[in-house]
Amino acid sequence: MTEKINKFMEGVIARNPGEKEFHQAVKEVAEVIIPFIEENPKYEEAKILERLVEPERVVMFRVPWQDDKGEFQINRGYRINFNSAIGPYKGGLRFHPSVNLSILKFLGFEQILKNSLTTLPMGGGKGGSDFNPKGKSDNEIMRFCQSFMSELFRHIGPDTDIPAGDIGVGGREIGYLFGQYKRLRNEFTGVLTGKGREWGGSLMRPQATGFGNVYFSQNMLATKGESFKGKTVAVSGFGNVAWGAVTKATELGAKVVTISGPDGYIYDPNGISGEKIEYMLELRATNNDVVAPYAEEFGVKFFSSKRPWEQKVDIALPCATQNELNGEDAQKLIDNGVICVGEGANMPCTPEAVEIFHKAKILFSPGKASNAGGVAVSGLEMSQNSMRYSWSSEEVDKKLHLIMKDIHDACVKYGTDNDGWVDYVKGANIAGFVKVADAMLAQGLV
Ligand code: NDP
Ligand code: 2IT
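Residues numbered from 1 in each chain as written. Chains lettered and ligands numbered in written order. Predicted model: local features only at pLDDT ≥ 70, side-chain atom pairs only at ≥ 80, totals over all residues. Heavy atoms only, no water.

Student: Help me get a handle on the site of ligand 1, residues and values and all.
Tutor: Ligand 1 sits among 23 residues. The nearest are Asp166, Thr209, Arg284, Asp289 and Asn346. The side chain of arginine 205 places a nitrogen or oxygen atom 2.9 Å from an oxygen atom of ligand 1. One nitrogen or oxygen atom from the side chain of threonine 209 is found 2.8 Å from an oxygen atom belonging to ligand 1. Here ligand 1 has 870 Å² of accessible area as a free molecule, and 88% of this is covered by the chains. Sorting the residues of the shell around ligand 1 by element identifies α8 (205-222) and α9 (240-251) as the ones contributing at least two each. A breakdown of the residues in the shell around ligand 1 according to their chemical character gives seven nonpolar, 10 polar and six charged. (Near = heavy atom within 4 Å. Polar contact = N/O pair within 3.5 Å; in protein donor to acceptor, adjacent residues only side chain to side chain. Areas by Shrake-Rupley, 256 points an atom, 1.4 Å probe, with all protein chains shown as cover. Helix = DSSP H or I, 4+ residues; strand = E, 2+ residues; numbered from the N terminus. Nonpolar A, V, L, I, M, F, W, Y, C, P; charged D, E, K, R; others polar.)

Student: Please provide a residue-by-residue account of the layout of surface pockets, values included.
Tutor: For the second largest pocket, the calculated volume is near 440 Å³. Forming the boundary of the second largest pocket are 21 residues, of which Glu28, Glu31, Pro351, Val354 and Val425 lie nearest the centre. Those elements that provide at least two residues to the lining of the second largest pocket are α2 (20-39), α13 (351-360), α14 (367-370) and α17 (424-442). (1 Å grid on protein atoms, 1.4 Å probe; cavity = no way out; pocket = protein on both sides within 12 Å on 5 of 7 lines; lining within 4 Å. Points joined across faces, edges and corners; volume = space filled by probe spheres on them.)

Student: Go over the packing of aromatic side chains with me, naming the residues and quoting the values.
Tutor: Evaluated as defined, the whole model comprises 23 aromatic pairs. Centroid distance phenylalanine 357 to phenylalanine 364: 5.5 Å. Interplanar angle 25 degrees. Geometry classified as stacked. For phenylalanine 357, a relative accessible area of 0% translates into the label buried. An aromatic cluster is present here, built from Phe61, Trp65, Phe95, Phe131, Phe144 and Phe148 joined pairwise through their rings. (Phe/Tyr/Trp six-rings, centres within 6.5 Å; stacked < 30°, edge-to-face > 60°. Buried < 20%, exposed > 50% of the residue type's maximum accessible area, 1.4 Å probe, protein only.)

Student: Before we move on, could you go through the sheet that holds strand β5 (residues 161-164) and cite the residues and values that matter?
Tutor: Taken together, the five strands give an open sheet; going across it, the order is β1-β2-β4-β3-β5, and neighbouring strands pair in mixed fashion. Each edge of the open sheet is held by one strand with a lone partner, namely β1 (57-66) and β5. Taken pair by pair, the neighbouring strands of this sheet meet at an average axis angle of 20 degrees, ignoring direction. Examined bridge by bridge, β1 and strand β2 (residues 72-83) share 10 bridges and lie antiparallel to one another. Each residue of the ladder has a partner; that of glutamine 66, found in β2, is phenylalanine 72. Contacting β1, β2, β3 (89-95) and β4 (124-129), helix α5 (residues 101-117) runs over the sheet at an angle of about 150 degrees to β4. (Pairing = 2+ DSSP bridges. Axes fitted to C-alpha atoms, helices over the stretch in contact; angles between N-to-C directions. Contact = heavy atoms within 4.5 Å.)

Student: Please give an account of the pairing of strand β7 (residues 255-261) that cites residues and values.
Tutor: Judged by how many residues are buried, β7 sits mostly within the fold: six of seven residues are covered. Pairing analysis gives three bridges linking strand β6 (residues 232-235) to β7, with the strands arranged parallel. Considered in β7, the bridge of threonine 232 is made with lysine 255. As for the winding sense of the linkage, the β-α-β connection from β6 through α9 to β7 is right-handed. (Right-handed = clockwise from strand over helix to strand, strands pointing away.)

Student: An account of the sheet that holds strand β12 (residues 363-365) is requested, with residue identities and associated values reported.
Tutor: Pairing in this open sheet of seven strands is mixed, and the strands run β9-β8-β7-β6-β10-β11-β12 from one edge to the other. Of all strands in the sheet, those bounded by a partner on one side alone are β9 (301-304) and β12. Ignoring which end each strand starts from, the neighbouring axes of this sheet average 15 degrees apart. Note that β7 and strand β8 (residues 264-267) share four bridges and pair antiparallel. Directly across from threonine 258, in β8, lies its bridge partner tyrosine 267.

Student: So what's going on with the environment of serine 102? Residues and values would help.
Tutor: Secondary-structure assignment places serine 102 in helix α5. C-alpha separation for the pair serine 102 and valine 338, spaced 236 residues apart in sequence, amounts to 32 Å.

Student: Pulling in residues and values, what's your account of the site of ligand 2?
Tutor: Taken together, 14 residues lie around ligand 2, and Lys90, Lys114, Asp166, Arg205 and Ser378 are the ones closest in. Between ligand 2 and glycine 165 there is a distance of 3.0 Å, counted from a nitrogen atom to a backbone nitrogen or oxygen. Of all the secondary-structure elements, those providing two or more residues to the shell around ligand 2 are β3, α5 and α15 (372-387).

Student: Talk me through helix α12 (residues 327-335); I want residue IDs and the actual numbers.
Tutor: The α-helix advances 3.6 residues per turn, and as a result positions three or four apart in sequence lie on the same side. Along α12, the positions that sit buried rather than exposed are Gly327, Asp329, Ala330 and Leu333. Considered in projection along α12, the buried side chains sweep an arc of 160 degrees and stay on one side of the axis. Those residues of α12 that are exposed and aimed more than 90 degrees away from the buried face are Glu328 and Asp335. If you follow the buried residues of α12, they end up packed against β10 (315-317) and α13. The opening residue of α12, the one whose side-chain oxygen lies 3.1 Å from the backbone nitrogen of glutamate 328, is asparagine 326. One or two residues past the end of α12 sits glycine 337, with phi positive at roughly 85 degrees. (Arc of directions from axis to C-beta.)

Student: Could you give an account of the packing of α9 against helix α10 (residues 275-285), naming the residues involved and the relevant values?
Tutor: Where α9 contacts α10, the axes come no closer than 10 Å and their chain directions differ by 175 degrees. With respect to each other, α9 and α10 are oriented roughly antiparallel. Here Ala242, Trp243, Val246, Thr247 and Thr250 of α9 lie close against α10, whose contacting residues are Ile277, Met280 and Leu281. Looking at the contact of α9 with α10 residue by residue, the class counts come to six nonpolar, two polar and no charged. (Parallel < 35°, antiparallel > 145°, perpendicular 65-115°, else oblique.)

Student: Give a detailed account of the side chain of threonine 193, specifying residues and quantitative values.
Tutor: Along the chain, the position of threonine 193 falls in the loop between α7 (171-185) and α8. Within the local environment of threonine 193, its side chain forms a polar contact with the side chain of lysine 90, the two groups lying 3.0 Å apart. Residues in contact with threonine 193, not counting those within four places in the same chain, are Lys90, Ile162, Pro163, Ala164, Gly165, Ile174, Ser378, Glu381 and Met382.

Put into structure tokens, the structure is as follows:
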């Protein structure tokens, strides 16, 4: 089996040289799916896995714009139409200087299985730019978004591909992108999700990813008769997902003691609650990439260039970015008695870290399962747009609860080992794969 997986990976690496994040994401899936395919030869004969790792289409384009000093700037834009077997391409846009084809292909690939897990009809896509929002004025952000959409509009549409936010793309950016799309197409449709509530957005979309991640962990904890109440939690990041996770975990009676940025992390022994949560939003809005001001504002400790995983906590929710929690961090968490790790970001734990969590048999959920609440509520936003209707926060939250429970139960169905321990990575990958693979089989060789 190992030989078969290695051979498959050699092929993927040869066809996609240098794309290390993409290789990492594919390997995690191949390790689970190749043994599964052996038992289900119809997928092997139709080369479903080989097709799945090849995007249906990749668009790369120039994004010229002018900064406030009048200087010309050139960035690169991307959109990956990865897989449309079960619905139109759906996935976020990331604006960050680290963005490249490898990162977007890993995210787009993950998105296929994640969207399948939501139970909603959405294919997989991802896009973005190497644009750095740090320190940019509001006008610069607007000009960049308008230029980006001046090319992207050709490749998307409410029945074709529906982008949304990701790192560096929140409500403000979606607004500018939507405005430009509307101007170019002369139509008001649900072409983007994460819109403002007054112009077609869904209530709860800003909270959805972080809340969904906590709901997923709640489901995992319940299998052990545990809950968030009275638990100490480490969260990383201080963006949209981290904010939602801190808010919900606190509401459920946990004490969240950390948030982090690229500059380091803060440790708040009294818990991040109330006005401190609101302060996170202010920090993020400054576009300065730093979490240190929290320490000054609330008189707590700041750990420069460190990661929160060295603290003793019961639950860890990595919500910043890929590969932010390595083997060493995982060992520290285990040594300190962590019982549950729920990925809020996409692929925040390295393969070594995941192996350590699996060996220790703690509760560990992969992002494609536990952060699917964001895209799930995007799917609900699409439904509301199609109906030209909107649901209340309570209705959306209720649906989000149900979806996260369904994803959890699908992972349990496909991931339970003989000894009763649940391998959520295996469960998520198989459950997500089956639906897409069956749709691909039904649609013939496309
Ligand atoms: P935001 O831009 O709102 O926040 C990202 C946060 O992570 C920022 O605080 C960012 O700082 C920080 N960050 C980036 N690099 C590092 C680093 N090396 N160390 C510590 N912090 C870092 O993005 P989101 O909250 O939307 O996204 C966070 C993660 O969640 C990503 O992996 C994303 O793909 C994933 N996700 C997002 C969803 C959504 O709906 N928004 C849905 C599902 C997953 P800075 O940007 O200032 O560098
Ligand atoms: O990674 C993700 O799932 C997202 N960034 C959200 C995608 C979406 O279409 O809402």
